[in-house]
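# Structural characterization, general
The chain contents come next:
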Amino acid sequence: QVQLVESGGGLVQPGGSLRLSCAASGFTFSSYAMSWYRQAPGKERELVAGVSSTGGSTNYEDSVKGRFTISRDNAKNTVYLQMNSLKPEDTALYYCNAKLLTIRYWGQGTQVTVSS
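## Topic: the nonpolar core
The biggest cluster of nonpolar side chains holds 28 residues, and the ones touching the most others in it are Met34, Trp36, Val79, Leu81, Met83 and Tyr94. Secondary structure elements with two or more residues in this core: β3 (18-25), β4 (33-39), β5 (46-51), β7 (68-73), β8 (78-83), β9 (92-100) and β11 (110-114).

## Looking at the pairing of β8
Looking down a regular strand, the side chains alternate between one sheet face and the other. With respect to burial, β8 is a largely interior element, five of its six residues being buried. The sheet contact formed by β3 and β8 spans six bridges and is antiparallel. Bridging from a neighbouring strand, Ser21 pairs with Tyr80 of β8. With six bridges connecting them, β7 and β8 associate as antiparallel partners. Bridged to Thr69 within β8 is Gln82. In textbook terms, the turn of a hairpin is the stretch between consecutive antiparallel strands, and for β7 and β8 this stretch comprises four residues, one of which, Asn77, has a positive phi near 55°.

## Overview of the pattern of salt bridges
In this structure the tally under the stated criterion is five salt bridges. Across the pair Glu46 and Arg38 runs a salt bridge whose closest N-O atoms are separated by 2.7 Å. Glu46 gets classed as partly exposed once you look at its relative accessible area, which sits at 30%. Taking the relative accessible area as the measure of exposure, Arg38 reaches 5% and is therefore buried. What you see here is one network of salt bridges that share partners, running through Arg38, Glu46, Glu61, Arg67 and Asp90.

The rules behind each value
Position numbers for residues count from 1 along each chain, tracking the sequence in the order it is written. It should be noted that, the model being predicted, local features are given only for residues of pLDDT at least 70 and side-chain atom pairs only at 80 or more, the latter also being counted only at that level, while totals for whole chains, interfaces and linings use all residues. Side-chain metrics in this entry use all non-hydrogen atoms of the structure; hydrogen atoms and water are not considered. Buried Ala, Val, Leu, Ile, Met, Phe, Trp, Tyr and Cys residues that are joined via side-chain atoms within 4.5 Å together make up what is termed a nonpolar core. Buried, partly exposed and exposed residues are distinguished by accessible area as a fraction of the type maximum, computed with a 1.4 Å probe on protein chains only: under 20%, between the cut-offs, and over 50%, respectively. Helix and strand assignments follow DSSP, with helices taken as H or I runs no shorter than four residues and strands as E runs no shorter than two, numbered in order from the N terminus. For two strands to be treated as a pair, DSSP must find at least two bridges joining them. For this document, the term salt bridge refers to a Lys or Arg side-chain nitrogen within 4 Å of an Asp or Glu carboxyl oxygen.

Structure below.
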């Protein structure tokens, strides 16, 4: 059974940091590109950051460049999103995604709220 379980979300003040984790099981994690998406209320889901199957290539949405870092540990079947200098506009439900060709898996999401 495929599972992607996100954790690490919460309430943080502007300028603060959070580290999201996504633990994967039920598929060959090291073969899949992994991404983090987010969806704010009333907005479409958007890609935040992605990492290749080996971890050798990453990409970021423009608004998070220099603040967020995606990484993965294939030995632990886990992908991370380190989020620094958080802003209120980063508030959203953050989802983990696994992709291999036309196959996609999604987690249930973890809420990140940036507010003073």
